[in-house]
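Residue strings, one per chain:
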Amino acid sequence: MRRIPLAALIGLVFTGGYFFCAIFAGWIAPYGMAEVVGDSWEPWSATHWLGTDSIGRDLLSRMIWGGQTTIFVATAATVLSFTLGASLGFLAAVRGGWVDQVLSRLVDLVMSIPSLISALVVLSVMPVTLPILILVMGLLDATRVFRLSRAVAVDITVMDYVEAARLRGERQGWIIFREILPNALSPLIAEMGLRFIFMVLFISTLSFLGLGVQPPMADWGGIVKENKEGIVYGIPAALIPAFAISTLAISVNLVADWVLTRTTSLKGGRGA
Amino acid sequence: MPKPPEIVLKVQGLRIEATSYPPGEAPREVVLVQDVSFALEKGKVLGLIGESGAGKSTIGLASMAYGRGGVRITGGQVWLKGRDILQGRARDLRDLRGRQVTYVAQSAAAAFNPARQLMEQVIETTLSHGLATRAEAEARAVALFTRLGLPNPESIGKRYPHQVSGGQLQRVMTAMALCPQPDLVVFDEPTTALDVTTQIEVLAAIKEAIHLTGVAALYITHDLAVVAQVSDDIMVLRGGRMVEYGTVQQIIEEPREEYTRALVSVRSIDHAEKADGAAAVLSVANVTARYRGTKFDVLKTVTLDLPAGQTLAVVGESGSGKSTLARVITGLLPAAKGRITFSGRVLAPALADRSKDDLRELQMIYQMADVAMNPRQTVGTIIGRPLEFYFGLKGEAKRARVQDLLEQIEMGRGFIDRYPAELSGGQKQRVCIARALAAKPRLIICDEVTSALDPLVADGILKLLLNLQAQEGVAYLFITHDLATVRAIADRIAVMYRGEVVRYGPKSQVLAPPFDDYTDLLLSSVPEMQLGWLENVIATRKMHSAGN
């Protein structure tokens, strides 16, 4: 095991911190998610480290509970988009022909509409619950993952070792998961870091617009929305979730970069 | 009184190092070249020869004070026309390169800018160094095109790189190198990527051009027979050290070192043709094939038989359809017409319609062992997969069988947990052979399996294949462009030219006169380790290569 570079270490600490808070929110958060504990927009104090929000809830607790929702939704949507996008992308590359045509044109169609607009349209007619949010975000984002994984896999399917597997009579499952996937992992992991961040931004945007996570549940985009009036009076409550989103984005990408260099330098990896 | 010869390039005690980054270990310094010294006179050619990793190209580039990708020249001197160029600053070096020293790369196709006309690229350095006006430079280039035997020398400069053949492109690059009238030209494997029938013409053109312009040249190659045709002196290198340095005559006729003797006498395999009589394991009857969406037949009514346990060599230059034949037999490209019989059964044309036994009994080995193995699988997985897939072997039984196979390919059990990146070129090819063998096939298609290997390593692979044939009775369909390999291994030979089999029969018949024109061209193009061979052949050949 080589030494972890400083940038990756910082990324790991921050990412780890955020995920830790998200997972153990119930134990860490000093107050309940929707508990009103004081006046609106109280300043930072020993009892309320980050002050209180527009209706007097403890902001630190809101941040921790909100982080849980945001990170959970983003993670679930990322996993969904990668599972779906990568499997279909690989399938399109391996099968080629009409399978590839149908899938690729379908993806083109979906991608031709900005994903925020599609999401808003779908969410305005559907009940906005967490599973629906995850499903909509995951499906929309799977198109991007499809594009990437198809492009990577098309390069790999022309390699002689894939041809050798075909000549041996291997089924598609083996070719996709044993021959292609291990060699496509590095670009996919790098993309996963990036996609996760886009998901965080996506859910935050939706919540800010009022079509994401519904009150009284907290999430970072929602906290910005609830406290945005405070900015005019010099109250920083809305900036704290913004700061959390940006630090999470940077730290996850630092980790993804490091994972990328680690996996490409593995024995015989692509671009080693 | 004759003037003493002018020394153009003098290299003394050259030492070159680089930092290597082995996977999973700390970086370490490696010495690529050490204690190399030589002198090159005006108008002479020095051949640098050795296997891959011998440091030939590194030395070639060092003679223009250049190290590729982190390579550092850490000791010695390189004197070019009396000036130690290793002491030069970047500006001096820029001025020197392209004016005094020029370079001819191995792959002309990769070295030319595809978006610019040839003439622009040929005269580029001449103009940028201000050595001539545009009109003068173009006149020079046309004169060089003529001298190098290019067709339509007046107008070929107007073409783009993809509009000329590989052999022509290599000659255009030679013209590019000679255009600034340098003192020294470095030729880095200029004919290695060419077909044997094309190579000989390019070789003759290069030799002629060197002779007429009177430059000094370094000629880098791994093929001793080629270098013997163009050089005055030869330096044999191994692992970055000088093994032997002498005149061509001395190296070829009385090599002093053991290693040089091995290089000179490579292809020592003596293979007697097997009796004709065994039943055919593979019969190809009137097969015609074309690629989807084209109207051109890549194979035209090909008919061949391969007796069980024997070797059929399919020879021809690139584009002759030999690899397409392999694709048709394996079912990757279903035949349009004709019938293929294998082990007494008629094979379905398409891969998807074939039975598991058909797939198992027909295995394939590829030219590039590097890309024929999944870099993320261990040797044990690679060889073990056919065992599991065809015979249902698992766990310990599978592992034991893989180890037996490793012994059989003369590699040893310890290799089972290695990754392909941890093997040498020859070992990789051996693992591919073991993978094919694991399926207990009746026929293995070998597609140029030794072409990417150094001669001594290739020799070992051929010997192994012959041994395995004797033990297992497997038949080989051996696709190659290298006639020396054919002589070494074949029982029968099919010569292919533009999709047709032009000559077919037992080895003794195919390689004995009277020859048809194409077979004559092919046979006469194989470089022989003999002085003056090139001139003789050029003077007596009847037909020109399709690539020209």
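Given the structure is predicted, the values throughout are model-derived calculations rather than measurements.

Along its length, chain B carries 22 helices and 20 strands. Taking 2.2 N^0.38 as the reference for a compact globule, 548 residues should give roughly 24 Å; the C-alpha atoms of chain B span a radius of gyration of 25 Å, in line with that estimate. Contacts in chain B between residues at least 24 apart in sequence constitute 69% of all its contacts with a sequence separation of at least 6.

To continue, consider the overall build of chain A. In terms of helices and strands, chain A carries 10 helices and zero strands. When its helices and strands are written in sequence order, chain A yields α-α-α-α-α-α-α-α-α-α. Each of the three principal axes of chain A carries a C-alpha extent, and together these read 75 × 50 × 30 Å. Here chain A holds 272 residues, and the buried ones make up 40% of them. A separation of at least 24 residues holds for 67% of the contacts in chain A among residues at least 6 apart in sequence.

Within this numbering scheme, the UniProt entry marks residues 14-264 and 282-523 of chain B as carrying the feature "domain: ABC transporter" (unreviewed entry). In residues 282-523 of chain B, the share of helix is 40% and the share of strand is 24%. The end C-alpha atoms are 27 Å apart.

Core analysis: the biggest nonpolar cluster contains 146 residues, and Met137 of chain A together with Val314, Leu477, Phe478 and Val495 of chain B have the highest contact counts within it. Take this core: its biggest share by element is 15 residues, from helix H3 (residues 59-95) of chain A. Counting 80 residues, the second largest nonpolar core, distinct from the first, contains Met173, Val185, Val186 and Val236 of chain B.

What follows covers the packing of helix H7 (residues 160-168) of chain A against helix H8 (residues 172-208) of chain A. Residue and element names in this part refer to chain A. At their nearest, the axes of H7 and H8 sit 11 Å apart, and the two run at 150° to each other. It follows that H7 is roughly antiparallel to H8 by the angle criterion. The interaxial crossing formed by H7 with H8 has right-handed handedness. Only Trp174, Ile175 and Glu179 of H8 make contact with H7, whose side of the interface consists of Tyr161, Val162 and Ala165.

A word on helix H6 (residues 130-157) of chain A. Helical geometry note: an α-helix holds 3.6 residues per turn, so side chains three or four residues apart project in the same direction. The terminal C-alpha atoms of H6 of chain A lie 38 Å apart, and with 28 residues this matches the ideal 40 Å at 1.5 Å per residue to within 8%. Largest kink in H6 of chain A: about 30°, centred on Ala142 of chain A.

This paragraph deals with the domain arrangement of chain B. All names here are of chain B. As assigned here, chain B comprises domain 1 (7-264) and domain 2 (309-334 + 347-512). Placing a centre on the C-alpha atoms of domain 1 and another on those of domain 2 gives a separation of 35 Å. On the side of domain 2, seven residues touch domain 1, which itself brings nine residues to the contact. Secondary structure elements with two or more residues in the side of domain 1 that touches domain 2: helix H8 (196-213) and helix H11 (258-264).

Here we take up helix H17 (residues 425-438) of chain B. Residues and elements named next belong to chain B. With 14 residues, H17 ought to run about 20 Å at 1.5 Å a step, and its terminal C-alpha atoms sit 20 Å apart, in line with that. Among the 14 residues that make up H17, 11 are buried, leaving the element largely enclosed by the rest of the structure. Listed in full, the buried residues belonging to H17 are Lys428, Gln429, Arg430, Val431, Cys432, Ile433, Ala434, Arg435, Ala436, Leu437 and Ala438. Its buried side turned inward, H17 meets strand S16 (362-365), helix H14 (369-372), helix H15 (379-391), helix H16 (395-408), strand S17 (443-447) and helix H18 (455-472). Lys440 sits one or two positions beyond H17 and adopts a positive phi of about 50°.

This brings us to the interface of chain B and chain A. On the side of chain A, 16 residues touch chain B, which itself brings 20 residues to the contact. Sorting the residues of the side of chain B that touches chain A by element identifies helix H13 (356-361), H14 and H15 of chain B as the ones contributing at least two each. Classifying every residue of the side of chain B that touches chain A by side-chain character gives 15 nonpolar, two polar and three charged.

Turning our eyes to something else, we now look at the sheet that holds strand S13 (residues 311-315) of chain B. All names here are of chain B. Spatially, the six strands line up as an open sheet ordered S16-S17-S18-S13-S19-S20, and their pairing is mixed. The strands lining the two open edges of the sheet, one partner per strand, are S16 and strand S20 (500-506). On average, adjacent strands in this sheet sit at an angle of 15° to one another, irrespective of strand direction. Across the sheet, helix H21 (residues 517-525) touches S13, strand S19 (492-497) and S20, and the angle it forms with S19 is around 105°.

What follows concerns the UniProt feature "domain: ABC transmembrane type-1" (unreviewed entry) in chain A. On the UniProt side, "domain: ABC transmembrane type-1" (unreviewed entry) is annotated at positions that read residues 67-256 of chain A here. Spanning residues 67-256 of chain A, this segment combines 82% helix with 0% strand, and its end C-alpha atoms are found 20 Å apart.

Turning our eyes to something else, we now look at the pairing of strand S7 (residues 184-188) of chain B. All names here are of chain B. Most of S7 is tucked away: four of the five residues are buried. Pairing analysis gives four bridges linking strand S6 (residues 101-104) to S7, with the strands arranged parallel. Residue pairing across strands places Val101 opposite Leu184, the latter belonging to S7. Two strands pair when backbone bridges link them, and S7 and strand S8 (residues 216-221) are joined in this way by five bridges, in the parallel orientation. Bridging across to S8, Val186 finds its partner in Leu218.

Taken as a whole, chain B shows an average pLDDT of 86; of its residues, 95% reach a score of 70 or greater. Across the predicted assembly, pTM comes out at 0.79 and ipTM at 0.76.

So, on to the sheet that holds strand S5 (residues 83-84) of chain B. All names here are of chain B. Read across the open sheet, the four strands follow the order S2-S1-S4-S5; overall the sheet is antiparallel. Lying at the two open borders of the sheet, with one neighbouring strand each, are strand S2 (28-41) and S5. As paired elements, strand S1 (residues 7-20) and S2 share 10 bridges and run antiparallel to each other. What sits directly across from Val11, in S2, is Phe38.

Below, the discussion takes up the environment of Arg94 of chain B. Within the secondary structure, Arg94 of chain B is located in helix H2 (residues 90-96). As for Arg94 of chain B and Met64 of chain B, which are separated by 30 residues in sequence, their C-alpha atoms are 9.9 Å apart.

A separate point is the pairing of strand S11 (residues 280-289) of chain B. Residues in a regular strand point their side chains to alternate faces of the sheet. All names here are of chain B. By the bridge criterion, six bridges tie S11 to strand S12 (residues 299-307) in an arrangement that is antiparallel. For Leu282, the partnering residue across the bridge sits in S12 and is Leu306. Pairing analysis gives five bridges linking S11 to strand S14 (residues 337-342), with the strands arranged antiparallel. When the sheet's bridge partners are listed, Val284 is paired in S14 with Ile340.

Moving on: the environment of Gly157 of chain B. All names here are of chain B. Looking at the element boundaries, Gly157 is found in the loop between helix H6 (134-147) and helix H7 (166-178). Exposure remark for Gly157: the 21 C-beta atoms within 10 Å place this residue in the buried category. Considered as a pair, Gly157 and Gln121 are 36 residues apart in the sequence and their alpha carbons are 9.0 Å apart. Contacts of Gly157, omitting those with residues within four sequence positions, involve Gln117, Leu118, Met119, Val122 and Ala141.

Reading guide: rules and limits
Residues numbered from 1 in each chain as written. Chains lettered and ligands numbered in written order. Predicted model: local features only at pLDDT ≥ 70, side-chain atom pairs only at ≥ 80, totals over all residues. Helix = DSSP H or I, 4+ residues; strand = E, 2+ residues; numbered from the N terminus. Rg over C-alpha atoms; globule rule 2.2 N^0.38 Å. Contact = placed C-beta atoms within 7 Å. Buried ≥ 20, exposed ≤ 12 C-beta atoms within 10 Å, placed from the backbone. UniProt positions renumbered as here; feature names shortened; annotations may be inferred. Core = buried A, V, L, I, M, F, W, Y, C linked by C-beta atoms within 7 Å. Axes fitted to C-alpha atoms, helices over the stretch in contact; angles between N-to-C directions. Parallel < 35°, antiparallel > 145°, perpendicular 65-115°, else oblique. Left-handed = near helix turned anticlockwise from the far one by under 90°. Expected span 1.5 Å × (residues − 1). Bend = angle between axes of the 7 residues up to and from the residue. Domains from an automatic or database assignment. Nonpolar A, V, L, I, M, F, W, Y, C, P; charged D, E, K, R; others polar. Pairing = 2+ DSSP bridges. pLDDT = per-residue confidence, 0-100.

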